[in-house]
Amino acid sequence: MVSAPDTITSHSSATRRWIAVIAWIALIYTTIPFVRLLQAWFIAHWDRELIGYAVIAVLVIAAVAVLLALRSLSSRWSPATAIWLVVIAAVYTWWAISLWRVPEEAVHLLEYGVLGVLLYRALRPQVPDASVYVVAALIGVFVGTLDEVIQWITPRRFFDFRDIFLNCGSCALALVAVWKVDGPGPQPVTARSLRRVVRSAIAAVTLFALVLSVTPTRVQRWAERFPGVSFLQSPDNEMAEYGHRHVIPGVGRIKSRFTVEQLRAEDAARADEVAAILDRYPSERYGRFLRDYPPQRDAFAHEARVHIFSRDHHLLRQAEFPEGSQDSRHHASVALRQHQMLERFFGNTLRASRYDLPATAIDGLEQQLLPDLLWDSWTSRHLITRISERALRTVLVITLLGLLALDLGLGGRGRREARPEGVPT
């Protein structure tokens, strides 16, 4: 029998653990408006790559500390566990290095790795079986998705599906490490535990379904009704937008809001009109163009100008490196591939505008071309192209209905499990 003081101590410990979870989530969320200012200050004083090195250092120190702690606990130490932890630490390190182009993104790995551990510690007393890891991971998915939603409504912060993957993946990876150290738990999985899993999944899927329904068209309608949310119409702040992915043999891949047939029709019918719009916005007025012509207003003109900007950006980067160097050839190749994409889908508009390149410039790019480079254009890269909005909505609705039905079924099973033996049904 557990004495009253033991019960009080247990409740106190559980409360402290949940306070730690809530405090950590609050720290993540409340720093969202200030992170960019802190980053700008740091970069003004030090090399931004130091952020990446710091993240890797923390990951290595944490891995070494855990290994040393396990070494002192003979009941939990084994060579297999040590190998698992080293592999997981290596995956974290590789992940941080893969983000080196924007090293501050690696901070997500620490934020949500810590969150995964804190969630496990808070849930374990209530969920003493293997389902604790799934529940913790699903709560991590919810928190990581909500993080990006908050960024979407925060001025000068942006929503990004890649950050959701980063948040959720880091939380899940930390939970794999905990599982290898702590094991599945002393009790078998019950209907009550499965119901926690299902309800956590319902919350995560519902939030994700809402995110996938927030398209620029819907945001525009909201802005017309509520002018105070007009800042959400920023062309750099899309939440979910659907389109098409086109492969150009020998050139690369491009995403667009239009089918190939629609692009060709727009280019044939509107070349002079769109060229006149583009000519009013030289490079120094590019930001103004994005505000004046978001995709909701004129998707074809918007896509043409953004592709031109990408091409010209790489032309300028090429000039920063010695002619013939690998970096110079890389940027020249990307600029040429972007120009070839423009010629393929926006050719009439391009030739009617001031942005067409002279033949001598194209010849110069071709001489520096890396022939094996096929460019996967970053322009409109956020577009969801693998599935249509209608099909995705159908899948999510069916998934939610299935989860709700499973929750009801598990509720009945849980009541039967909780009934003492010998009690008639």
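Everything numeric here is computed off the predicted structure, so don't read it as measured data. Residue numbering note: each chain is counted from 1, following its sequence as written. Predicted model: local features are reported for residues with pLDDT of at least 70 only, side-chain atom pairs are reported and counted for 80 or more only, and whole-chain, interface and lining totals are derived from all residues. No hydrogens and no water enter the side-chain calculation; it runs on all heavy atoms of the structure.

Structural notes on the overall build of the protein chain
Short version of the rule: Secondary structure follows DSSP: runs of H or I at least 4 residues long count as helices, runs of E at least 2 residues long count as strands, and numbering of each begins at the N terminus. Note on areas: Shrake-Rupley with a 1.4 Å probe; residue coverage comes only from the protein chains shown. We count Lys and Arg on the positive side and Asp and Glu on the negative side, and we leave His and both chain ends out. Here the site of a charge means NZ on Lys, CZ on Arg, CG on Asp, or CD on Glu.
What the protein chain contains, in helices and strands, is 15 helices and three strands. Dimensions of the protein chain, computed from C-alpha atoms along their principal axes, come out at roughly 85 × 50 × 40 Å. Summed over its atoms, the accessible surface of the protein chain is roughly 22900 Å², and 63% of this surface lies on carbon and sulfur atoms. Side-chain charges of the protein chain comprise 47 positive and 40 negative groups, with the mean position of each set lying 9 Å from the other.

A closer look at the pairing of strand E1 (residues 244-248)
Strand residues, when the strand is regular, have side chains that alternate between the two faces of the sheet. Stated formally: Two strands qualify as a pair provided that DSSP identifies no fewer than 2 bridges between them.
Bridge analysis of E1 against strand E2 (residues 252-256) gives five bridges, and the strand direction is antiparallel. Each residue of the ladder has a partner; that of Val 247, found in E2, is Arg 253.

Topic: helix H5 (residues 107-123)
Put simply, the rule is: Given the number of residues in a helix, its expected span is that number minus one, multiplied by 1.5 Å. Exposure categories follow from relative accessible area, calculated using a 1.4 Å probe and restricted to protein chains: below 20% of the type maximum is buried, above 50% is exposed, and the middle band is partly exposed.
For H5, spanning 17 residues, the distance from its first C-alpha to its last is 25 Å, which sits close to the expected 24 Å at 1.5 Å a residue. The buried fraction of H5 amounts to 12 of the 17 residues, a majority that puts the element mostly inside the structure. Along H5, the positions that sit buried rather than exposed are His 108, Leu 109, Glu 111, Tyr 112, Gly 113, Leu 115, Gly 116, Leu 118, Leu 119, Tyr 120, Ala 122 and Leu 123.

With respect to the nonpolar core
Where we set the bar: Among buried residues, the Ala, Val, Leu, Ile, Met, Phe, Trp, Tyr and Cys ones that are joined through side-chain atoms within 4.5 Å form a nonpolar core. Contact between two residues is taken to exist if any of their heavy atoms lie within 4.5 Å; hydrogens are not considered.
Counting 37 residues, the largest nonpolar core has Val 21, Tyr 29, Tyr 112 and Leu 115 as the members making the most contacts within it. Contributions of two or more residues to this core are made by helix H1 (4-30), H5, helix H6 (131-152), helix H7 (161-182), helix H8 (191-213) and helix H15 (389-418). In this structure, Tyr 29 is in contact with Tyr 112, Val 143, Leu 146, Asp 147 and Ile 150, ignoring residues within four places of it in sequence. Counting residues in hydrophobic clusters, the runner-up holds 30 residues, among them Leu 290, Val 334, Leu 342 and Trp 375.

What about the confidence of the model for the protein chain?
Cut-off, in case you're wondering: Confidence scores per residue from the predictor, reported as pLDDT, run from 0 to 100.
Confidence along the protein chain averages 88 in pLDDT terms, with 93% of residues attaining 70 or more. This model gives residues 1-6 a pLDDT under 50, and the stretch forms one contact once residues within four places in sequence are excluded.

Quick look at the packing of helix H12 (residues 295-318) against helix H13 (residues 326-352)
Defined as follows: For helices, the axis comes from a line fit to the C-alpha atoms of the stretch in contact; other axes are also lines fit to C-alpha atoms, and the angle between any two N-to-C directions lies between 0 and 180 degrees. For classification, angles of less than 35 degrees are called roughly parallel, those exceeding 145 degrees roughly antiparallel, those between 65 and 115 degrees roughly perpendicular, and all remaining angles oblique. For any helix crossing, the convention is left-handed if the near helix is rotated counterclockwise from the far helix by under a right angle, and right-handed if that rotation is clockwise. Residues are grouped as follows: Ala, Val, Leu, Ile, Met, Phe, Trp, Tyr, Cys and Pro are nonpolar; Asp, Glu, Lys and Arg are charged; every other residue, Gly included, is polar.
In the contact formed by H12 and H13, the axes pass within 8 Å of each other and the chain directions differ by 155°. Considering the angle they form, H12 stands roughly antiparallel to H13. Classified by chirality, the crossing of H13 by H12 is left-handed. Between H12, through Phe 300, Glu 303, Ala 304, His 307, Ile 308, Ser 310, Arg 311, His 314, Leu 315, Arg 317 and Gln 318, and H13, the contact on the second element is made entirely by Ser 328, His 331, Ala 332, Val 334, Ala 335, Gln 338, His 339, Leu 342, Phe 345, Phe 346, Thr 349 and Leu 350. Looking at side-chain class alone, the contact of H12 with H13 contains 11 nonpolar, nine polar and three charged residues.

Overview of the packing of aromatic side chains
The relative placement of two aromatic rings is captured by the distance of their centres and the angle of their planes. Stated formally: In summary, the pairing rule links any two rings of Phe, Tyr or Trp, Trp by its six-membered ring, whose centres are within 6.5 Å, and it sorts them by plane angle into stacked for under 30 degrees, edge-to-face for over 60 and tilted for everything else. Note on criteria: charge over ring means Lys NZ or Arg CZ within 6 Å of the ring centre, with the direction from the centre no more than 35 degrees off the ring normal.
In total, this model carries 13 aromatic pairs according to the counting rule given. Their ring planes at 70° and their centres at 4.9 Å tell us that Tyr 53 and Trp 100 sit as a pair that is edge-to-face. Of the two residues, Tyr 53 sits in helix H3 (residues 49-71) while Trp 100 sits in the loop between helix H4 (79-98) and H5, which places them 47 residues apart along the sequence. Measuring from centroid to centroid gives 4.1 Å for Tyr 286 and Phe 309, while their planes differ by 5°, and the two rings are stacked. Here Tyr 286, found in helix H11 (residues 286-292), pairs with Phe 309, found in helix H12; they are 23 residues apart in sequence, far enough to count as distant. For Tyr 286, a relative accessible area of 11% puts it in the buried group. Each member of the aromatic cluster is reached from another via a ring pair, and the members are Trp 41, Phe 42 and Trp 46. For Lys 180, the ring lying beneath its charged end belongs to Trp 179, and the centroid distance is 4.5 Å. In this arrangement the basic side chain of Arg 297 is found over the ring face of Tyr 293, its NZ or CZ atom lying 4.1 Å from the centre.

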